[in-house]
Protein chains: 4
Amino acid sequence: MRILFLGDIVGEPGRKAVIKYLPAIQSDHDIDFTILNGENSAGGRGITPVIANDLFRAGADVITTGDHVWDQREVADHLEKEPRILRPINYPSGVPGAGLFITDTPKGKIAVFNAQGRTFMGQALENPFLIMEEQVSLIHDQGIKMVFLDFHAETTSEKIAMGYHLDGKVSAVVGTHTHVQTADERILPNGTAHLTDAGMCGPETSILGRNVESIVYRFKSSLPTRFPVAKGPVRLCGAIIDVDPESGKARTITRYNRLLEPSEM
Amino acid sequence: MRILFLGDIVGEPGRKAVIKYLPAIQSDHDIDFTILNGENSAGGRGITPVIANDLFRAGADVITTGDHVWDQREVADHLEKEPRILRPINYPSGVPGAGLFITDTPKGKIAVFNAQGRTFMGQALENPFLIMEEQVSLIHDQGIKMVFLDFHAETTSEKIAMGYHLDGKVSAVVGTHTHVQTADERILPNGTAHLTDAGMCGPETSILGRNVESIVYRFKSSLPTRFPVAKGPVRLCGAIIDVDPESGKARTITRYNRLLEPSEM
Amino acid sequence: MRILFLGDIVGEPGRKAVIKYLPAIQSDHDIDFTILNGENSAGGRGITPVIANDLFRAGADVITTGDHVWDQREVADHLEKEPRILRPINYPSGVPGAGLFITDTPKGKIAVFNAQGRTFMGQALENPFLIMEEQVSLIHDQGIKMVFLDFHAETTSEKIAMGYHLDGKVSAVVGTHTHVQTADERILPNGTAHLTDAGMCGPETSILGRNVESIVYRFKSSLPTRFPVAKGPVRLCGAIIDVDPESGKARTITRYNRLLEPSEM
Amino acid sequence: MRILFLGDIVGEPGRKAVIKYLPAIQSDHDIDFTILNGENSAGGRGITPVIANDLFRAGADVITTGDHVWDQREVADHLEKEPRILRPINYPSGVPGAGLFITDTPKGKIAVFNAQGRTFMGQALENPFLIMEEQVSLIHDQGIKMVFLDFHAETTSEKIAMGYHLDGKVSAVVGTHTHVQTADERILPNGTAHLTDAGMCGPETSILGRNVESIVYRFKSSLPTRFPVAKGPVRLCGAIIDVDPESGKARTITRYNRLLEPSEM
Ligand SMILES: [Fe+2]
Ligand SMILES: [Fe+2]
Ligand SMILES: [Fe+2]
Ligand SMILES: [Fe+2]
Ligand SMILES: [Fe+2]
Ligand SMILES: [Fe+2]
Ligand SMILES: [Fe+2]
Ligand SMILES: [Fe+2]
């Protein structure tokens, strides 16, 4: 079972590139299941139902999000109708949407989770370590072996700690939120694939997908500024994880990292 | 001019590995100048004069630090005597030590800076963007072309913004502090080499060099815990930058990332 | 039923003053029940079993704490044996100690809670709003009317929000942690007494009980410094709440704020 | 010389009450000079030129602000034209506006400063302790004795530290930003009047001037919410400082704290 995960899709450049290239990536890499993080796909802030549908039509099986999930007003209602879009699971009960999606694939059932870290994140959420432990145990009770977690968090320590915490219990823990891919992909001692951050799908000449000058100006002046999405060639970042459907353990994890040439855009 | 930079050296495992392998790395890669980040070299917290001397003897030309610079009491006095150990430059004037070291090399003069970010960092320091702009201008006035900055910061946005801010004005901006190497090495449009984070030199099976169980326990319980330095095989992380001594521009930047086998330790 | 609450007792000056003056305060004000916040009573950091016993002997019925609860090593074990010392209730289950103490008084049963805010606090804890709502409901099921909460939190917004959240359900919500008494004591619309912060019991010429020069130096230099407890005359701060035992509603809340003259120390 | 300072004016309820009652307060208390914090006067977010002019017409001599200063777009230009509206002084040079206003009064010259703290504040600004020390020294060089600082900061420690830092060098340091008045007004040992927070001018039944239900909902759900300005009776909070014009030292500081009855609105 080969899972493709692509990190935070940023704005129109990011989502156009993903929509255009996803089918080829899937066939080139024999992908069985595709998960995209769409928290920045609507102008850099959140996701809309229309954009989500475009991504599903292009080949996504599940869309994860993060701290930007609520940026677009319509999303709260849409999450109730569309179980394939996840918000972090560690919100209090009563909040719209869900942080877990279970589905059948030709190679067996898979459970996809989205959770959010608590260090240096905007929202104060419940303990993702305790919630994931409990939830994964419930998943195992259902006989589901293949489990993927997009852990949306700022610090490397929290993201690596989650990997070890779930090591041997899930197939993969891949981090998102920093928009920069880390170079530490590995199979942890008990069989869980880990990558601290998948990186983003967004403009190469940018700061996290945003216009360079705006962000530099903010750091220089301490003044609030608008951060338009940048233009130009897009880099697609993520990971491909090969999972043994029998055991749910990861066999390999490979970073996906491809700069599209201007001619490819 | 080939510069080797190695990221945060963590505790005894990290510094033993660096001391043992640095000479070979230097000769294998034709290194002309070596910069090490030593902020965690003393038991994970700060650096001592003895450890610094061991690192210089092993081949370091300059040692940079970061938010942990003051962790060992003796360091404040030692910084006054040893100009080759830097603390972040953006402290108020009057603070011991310096954030800039200039030296001659067979290939010309080089200026090495250490600065600290302000987002999610423990100390409230002065604006590193304004200080670096001013300082780099002074360096240029002295006719110095080769300039290296270790920018010790938490967020990817601040570290990438600094790269673009100094693009074309310095040879390289390499980030530290997160202890995880990023996979985004590149030459920015105007010739500055950039890597968001160099990663650490420390135990592979660890969370930022610390014992896995301790850190996971903290995230689960929210209780304070001791974080001993982990044991086991060490990974060395950093970057090699090839700089044109005439222009000061970077020709190439390559990530350095090597897991030492147990037999090599 | 008249409840006396005194805010964060800081170091030896604070606890000596509280121990010396508590009996007189209790008799002068016809106090039926006394709650002290002891999180800084041991040299400014945490509380020890010996200090706690001294405070109980002086007349405390319950001791609350906050983010400093774990500062002294012995406390974790002691919390298990001494139910009258509370730690914030919103830790995950499994953590030593409790955040609720119920006891009989001549005027009826009282439940005392300690909870911790989440905005700008060191530890990431669980949602105190949800936990308090649930816990207060359980207390009501037991027929207990008189309920006091020491809500240890940084921001005024979180502390006032908790007051309104529990308004009509508890007798009083009094804040601690900032060490400065606020001037906003009032009975909220549905009968809960509220004071955003009780203030501390500690040296008057100080910054939160600590030596002035040390703290000012830190803000000027951004360097780490030791913060010894200050010396000199002590100010005792807190609140007296008069509760109707039948309904559990507050009748009055008065700030307690008394600067001891040097001759009184 | 009697100075009236009123804390953060929140929205229409706050500014209507200030405009209506300011003349009477000034005459009742023999006020010579009036300073208002207007950072929340425009719907809770920032200030507009029109609102500022209304406040000046009602009797303000100077308007201070804080972290919300830039919330209304037009303000950046207006600050350049209207020196009586201050923004925090510790922005980098080049930023619109100023943090100091000097003016003549019948009782002598007065310098009014506005500065912003760095702990838990949205923007990363320059060191207010160093800047204030330098600026106050320049003010003294001009022979100006009467100096007022509105120090806009979150934590009690930073606000009290600033008081001691400038003690004997300025007439008064009054804090703002938390919207809750503290009960610790005093003359520091060397003659500077200090109040940790002046409190706000805004609706009594509110959380920092905002609608109660909205804020409580946010703390319960961790979801983003709109925070409309609350309605109902307004409380006016601030301080009156009596300054000796010869020495610039404070003679007295009194908290101003008045709840307007519904009939007074
Ligand atoms: Fe995010
Ligand atoms: Fe994102
Ligand atoms: Fe660091
Ligand atoms: Fe480090
Ligand atoms: Fe505290
Ligand atoms: Fe405290
Ligand atoms: Fe503010
Ligand atoms: Fe405000």
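In case you missed it, the structure is sitting above this.
Residues numbered from 1 in each chain as written. Chains lettered and ligands numbered in written order. Predicted model: local features only at pLDDT ≥ 70, side-chain atom pairs only at ≥ 80, totals over all residues. Heavy atoms only, no water.

Let's talk about the interface of chain A and chain C
So the rule is basically this: The contact definition used throughout considers only heavy atoms, calling two residues in contact when any of these lie within 4.5 Å. Two parts placed together each lose some accessible area under a 1.4 Å probe, and adding up what both lose gives the buried area. Salt bridges are identified by distance alone: a Lys or Arg side-chain nitrogen within 4 Å of an Asp or Glu carboxyl oxygen. Each residue is assigned to one class: nonpolar for Ala, Val, Leu, Ile, Met, Phe, Trp, Tyr, Cys and Pro, charged for Asp, Glu, Lys and Arg, and polar for all the others, Gly among them.
The interface of chain A with chain C comprises 7 residues on the first partner and 7 residues on the second. Of the roughly 520 Å² buried between chain A and chain C, counting both surfaces, carbon and sulfur atoms make up 48%. When the area that chain A buries against chain C is broken down by residue, the three leading residues are Arg118, Ala124 and Glu126 of chain A, summing to 66%. Note that arginine 118 of chain A and glutamate 126 of chain C form a salt bridge whose closest N and O atoms lie 3.2 Å from each other. Per-class residue counts for the side of chain A that touches chain C are 4 nonpolar, 1 polar and 2 charged.

Section: the coordination of the iron ion (ligand 5)
Residue and element names in this part refer to chain C. The cut-off we apply is this: Sites may look incomplete because water is not among the atoms; the donors themselves are N, O and S atoms within 2.8 Å of the metal, or within 3.2 Å for Na, K and Ca. Angular criteria define each label, namely tetrahedral for four donors with all angles between 85 and 135 degrees, square planar for four and octahedral for six donors with opposite donors over 155 degrees apart and remaining angles between 65 and 115, and irregular for whatever fails these tests.
Distances from the iron ion (ligand 5) to its protein donors, Glu39 (OE), Asp67 (OD), His152 (NE2) and His177 (ND1), fall at 2.1 to 2.2 Å. Note that the iron ion (ligand 5) binds 4 donor atoms; their angles at the metal cover 83 to 150 degrees, and the shape is irregular. Going along the chain, you hit the donors of the iron ion (ligand 5) in the pattern E-x27-D-x84-H-x24-H. Between the two metals, the iron ion (ligand 5) and the iron ion (ligand 6), the spacing is 3.4 Å, and glutamate 39 donates to both.

Comments concerning the coordination of the iron ion (ligand 4)
Residue and element names in this part refer to chain B. Operational definition: Helix and strand labels come from DSSP, where a helix needs a run of H or I of at least four residues and a strand needs a run of E of at least two; each type is numbered from the N terminus. Only protein chains enter the area calculation, which uses a 1.4 Å probe; residues under 20% of their type maximum are buried, those over 50% are exposed, and those in between are partly exposed.
Every protein donor of the iron ion (ligand 4) is listed here as Asp8 (OD), Glu39 (OE), Asn40 (OD1) and His179 (NE2), and their distances to the metal cover 2.1 to 2.2 Å. Coordination at the iron ion (ligand 4) is irregular, judged from the 4 donor atoms that bind it and the angles of 87 to 170 degrees they form at the metal. Written as a sequence motif, the donor residues of the iron ion (ligand 4) are D-x30-E-N-x138-H. Taken as a pair, the iron ion (ligand 4) and the iron ion (ligand 3) show a spacing of 3.4 Å, with glutamate 39 coordinating each metal. Note that aspartate 8 is positioned in the loop between strand 1 (2-6) and helix 1 (11-28) and glutamate 39 in the loop between strand 2 (33-37) and helix 2 (49-58), a separation of 31 residues in sequence. Across the pair, exposure class does not vary: aspartate 8 and glutamate 39 are buried alike.

Focus: the interface of chain C and chain D
Facing 37 residues of chain C, the contacting portion of chain D comprises 37 residues. Buried area between chain C and chain D, both sides added, is near 3,000 Å², and the carbon and sulfur share of it is 64%. Where chain C touches chain D, the interface holds 4 salt bridges. Where arginine 186 of chain D meets glutamate 204 of chain C, a salt bridge forms, and the shortest distance between an N and an O atom there is 3.8 Å. For the side of chain C that touches chain D, the secondary structure elements donating two or more residues are helix 4 (128-141), helix 5 (156-165), helix 6 (212-221) and strand 12 (250-259) of chain C. Ranked by residue count, the leading element in the side of chain C that touches chain D is helix 5 of chain C, at 7 residues. Of the residues that constitute the side of chain C that touches chain D, the class distribution is 14 nonpolar, 14 polar and 9 charged.

Details of the relation of the copies chain A and chain C
Our working rule: Copy-to-copy superposition: least squares on the C-alpha atoms, limited to residues that have pLDDT of at least 70 in both copies.
Note on the identical chains: chain A maps onto chain C by a rotation of 180 degrees and an axial translation of 0.0 Å, with an RMSD of 0.0 Å. When the rotation and shift are considered jointly, the pair of chain copies conforms to a two-fold rotation axis. Among all C-alpha atoms of chain A, that of glutamate 126 of chain A lies closest to the rotation axis, at 2.7 Å.

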